[in-house]
Amino acid sequence: MDNCKDVKNSYGKLLGYEVENNIVNIEFEEEKVYIKIVNSYIINFFVPSFRKERNSKAVENLKDKNCDFEVEFINGGIQISTEQLQLKVYDCFKVDIYDKEGTRLCADYRGDSKPFNRRYGDYMLAEAEGHAINNQEEYKLYISKNMEEEMYFYGLGEKTGHLNKKGYHYVNWNTDNAKPHGETFDRLYKSIPFLIGLSKGNAFGIFFDNHFETYFDMGRDNSEYYYFAAADGNLDYYFIYGPSVKKVVEGYTIITGNMPLPALWTLGYQQCRWSYDNETRLMEIANSLREKGIPCDTLYLDIDYMDGYRVFTWNKERFENPEAMIKTLNNMGFKVVTIIDPGVKVDKGYKIYDEGLENGYFATDNQGIVYRNEVWPGDSVYPDFLSPKVRKWWGENQKIMIDAGVSGIWNDMNEPASFNGPLPDDVMFNNDGILVTHKEVHNIYGHMMAKGTYEGLKKATGKRPFIVTRACYAGTQKYSTAWTGDNQSTWEHLRMSIPMLMNLGLSGMAFCGTDVGGFGHDCSAELLSRWVQVGTFTPLFRNHSAMGTRDQEPWAFDEITEEINRKYIKLRYKLLPYLYDMMWRCSKNGEPIIRPLLFNYQNDKKTYEINDEFLCGENILVAPVVEQGAKARMLYLPEGNSWIDYWTKEEYEGGQYIIKETPVDVCPIYVKGGSIIPTGEDQNYIGEKKTNKLNIEVYLSKENTETRYHHYTDDGESFRYQAGEFNHYKIKITNLDEKVEIKFKVIDKGYKEKYENVEFIIYNLRDKDLSVNGEVVETINEKAVISNPNK
Ligand code: MIG
């Protein structure tokens, strides 16, 4: 095999190597490369061809573990062996990676790259938005890998199309394109260059930490290979071994950081629109929600609350006294979140503009003159979020909003977007003292804005910050939640949102959601009902719609629709303890909240390409209706356990396709047999009813099972949990022939508010005896209450 055939990345012959701690330095004729053994299953490949220093904005505190590995010469190259992997490195820096059993996972492609012949030119693609596609000549970095047998691809953050990314080509260049996002759109607001490969049941990840424009092609160019490429920058990528997808995602969040535990209120229902543009209208919405008994925790203010779109200001004609208004809303149980855009209005005498100008806080052209473009405020300048000084300044200004009573911040337009043509490549930013071009930092602009916002909010409040951002890079989960931008009120977009959110979750951004009901275009009663049914299970549950579209609040259609929406929003509130547990787990190991079935059923190949079902945590399977007028739908229940219909409590064997009737008030929901699900009380907003009672629903299966569950509580808003102020409950259910045993145990008791009563609701007990912590208890209507479980 001629390793150097592909001249593009010609490193030349391998000359020798040296081991320095956990780094293997390899000398090639043309270039020196570094292979870092991060741990036994994460390997970093680094070639500082663009800049000597690594300049990652995704990786902050990656600690290398000292782990054992061996390096030796083999025929034609060198071999690096860790406890779990074998890497073979050959001339021209060709790398092949095997697992311990010798199964090849990922190998550099040796053939010529030869795009499929697109006869007579690809005029359709040339007309598409943005740059030419597959213009390989423009790639400074290009790594192609052999397409292995039975390959599937996932991840890549927020992309259009199906769950499995095989056959797609995508570009990472944060882009605000308001046209209806279709499957041929190759770029959206976020750039997360992280790909999961799954071949013959073995998963691995590739995280290409490069924030220039990057490209991922999963066999669209040619089905013999897949590749990742970049317009410029260093070659810096991580290989993360599974073999489970779960382990790959965990590895990715070890590298890029975990989502911090969110404040509890952020999990409630959120109501938004562009715009509730004056106090009267906002209060009308707040009152309607309470009068109609539709639970809601958060109301949003879109751009019209500002004075002429000047950031950190209020339009006092529309909102005469924001502090008093927000106080009233807070007393009604609402939090208020305000939007902010990066663009600062050019306007002498406006404090933010003057301060920024004076201190050199704005991006400049290549001559050092402050760069202007146009956004909502008209002529605007762009804060240089790359600079720590600017982030600090922006962070401190958050106090203006906090002092008005605002609880969270919505970062929009931070791709950054611009109305007067795109920002030129050579707009300059100051990256910690190094001048860098827009071309280099475009994809991390929103990420750094989120970082500054997070730090500012944390400092101003001492509480867990809540931020929603549109633009992201790898690792944004450390600072912010995300929504998927300007979708449309169409069935097509409801359908597409499911694989999109599942892949975002697999890409570290577990706290994500779409505009429920759709942003552009008019929503319909039926579409809203179906979208709310999906929203009930998505981490960020926000109804939002654009200016000029018809109302789509939960009651905006008819009474039946209102009733359906209420029913599902109430279900959301009921599931909050379960959702919060998922968030807690995610904050520890990156496990997404909504996830594709394959995440928990990797042995069942039938789950690999299911686009219209998802799991919410491992216990709840949702098969939403995403077709107009569907009276029934087929769905797949994965193999390995039984599934219990949430509505009828009927039990189904796993590993089969079933048909479920779906009148518009029924979203098919299945609970994993043997599940333990903590649930909460009915309330209008989180914290309305102080309760010291926990409900635990148990879904027994026919088969004998033993299941465990971890439940977590804390004050839901501060950082005191980090000092041990939390409670952790362990619940174990053993379902035997004659009896069912429940063990309920508190492990940590750091948080003062403990449950005084626990009520178990046991489904499908089938007349068996029930004991809790060794004592036989009576059940009445499937319910058993125990008091003082904390003793
Ligand atoms: O150019 O602030 O995606 O959610 O309502 C449009 C107005 C600007 C785009 C956001 C959308 C928001 C809208 N914004």
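Here the structure is a predicted model, which is why all the values come from computation and not from measurement. (Residues numbered from 1 in each chain as written. Predicted model: local features only at pLDDT ≥ 70, side-chain atom pairs only at ≥ 80, totals over all residues. Heavy atoms only, no water.)

## What about a nonpolar patch on the surface?
Residues M634, Y657 and I659 make up a contiguous nonpolar surface patch of about 350 Å² in total accessible area. Secondary-structure assignment places Y657 in strand β40 (residues 656-661). (Patch = residues over 30% accessible without salt bridge, like charges linked within 9 Å, V, L, I, M, F, W, Y side chains within 5 Å. Areas by Shrake-Rupley, 256 points an atom, 1.4 Å probe, with all protein chains shown as cover. Salt bridge = Lys/Arg side-chain N within 4 Å of Asp/Glu carboxyl O. Helix = DSSP H or I, 4+ residues; strand = E, 2+ residues; numbered from the N terminus.)

## Considering the pairing of strand β23 (residues 372-375)
Of the two faces of β23, only one is covered, namely that formed by N373 and V375; the face formed by R372 and E374 stays uncovered. Here β23 pairs with strand β24 (residues 378-381) via 4 bridges, running antiparallel. Directly across from V375, in β24, lies its bridge partner G378. What sits between the antiparallel neighbours β23 and β24 is a turn of 2 residues. (Buried < 20%, exposed > 50% of the residue type's maximum accessible area, 1.4 Å probe, protein only. Pairing = 2+ DSSP bridges.)

## A short note on the UniProt feature "domain: Glycosyl hydrolase family 31 C-terminal" (unreviewed entry) in the protein chain
UniProt annotation of "domain: Glycosyl hydrolase family 31 C-terminal" (unreviewed entry) refers to residues 590-677 when read in the numbering used here. In this annotation, residues 590-677 is assigned 0% helix and 36% strand; the end-to-end C-alpha distance for the span is 20 Å. (UniProt positions renumbered as here; feature names shortened; annotations may be inferred.)

## What to know about the pattern of salt bridges
For the structure shown, the criterion picks out 50 salt bridges. Its salt-bridge partner being K13, residue D91 comes within 3.5 Å of it at the nearest N-O pair. One end of the pair, D91, is in the loop between β7 (85-90) and β8 (94-99); the other, K13, is in the segment before β1 (14-20), with 78 residues separating them in the sequence. The exposure class assigned to K13 is partly exposed, which follows from its relative accessible area of 44%. With a shortest N-O distance of 3.5 Å, R310 and D307 are connected by a salt bridge. A residue is classified by how much of its surface remains accessible, and R310, at 17% relative accessible area, is buried. The class of D307 is partly exposed, set by a relative accessible area of 35%. In the salt-bridge network here, residues are joined through shared partners; they are D176, D412, E415, R470 and D486.

## A word on the packing of aromatic side chains
If you walk through the whole model with that rule in mind, you get 59 aromatic pairs. When the ring of Y152 is compared with that of Y608, the centres are 5.0 Å apart and the planes differ by 80°; the resulting orientation is edge-to-face. Taken as a pair, Y152 in strand β11 (residues 151-155) and Y608 in the loop between β34 (594-595) and β35 (614-616) lie far apart in primary sequence, 456 residues in all. Judged by relative accessible area, Y152 falls into the buried class, the value being 17%. Each ring, one from F362 and one from W393, has its centre 6.2 Å from the other, and the planes form 75°; the classification is edge-to-face. (Phe/Tyr/Trp six-rings, centres within 6.5 Å; stacked < 30°, edge-to-face > 60°.)

## Quick word on the sheet that holds strand β30 (residues 481-483)
Judged by pairing direction, the sheet is parallel, and its 9 strands sit side by side in the order β31-β30-β28-β25-β21-β20-β19-β33-β32 without closing on themselves. In this open sheet, the two edge strands, each paired with only one partner strand, are β31 (512-513) and β32 (515-516). Bridge count for strand β25 (residues 408-411) against strand β28 (residues 467-469) is 3 bridges, and the pairing is parallel. Bridge pairing in β28 links I409 to I467.

## Things to note about the site of the ligand
Surveying the vicinity of the ligand reveals 13 residues, the closest of which are D302, D412, R470, D486 and H544. Taking H544, its side chain carries an N or O atom lying 2.9 Å from an oxygen atom of the ligand. For the ligand, the accessible surface in isolation is 350 Å², of which the surrounding protein chains cover 94%. A breakdown of the residues in the shell around the ligand according to their chemical character gives 8 nonpolar, 1 polar and 4 charged. (Near = heavy atom within 4 Å. Polar contact = N/O pair within 3.5 Å; in protein donor to acceptor, adjacent residues only side chain to side chain. Nonpolar A, V, L, I, M, F, W, Y, C, P; charged D, E, K, R; others polar.)

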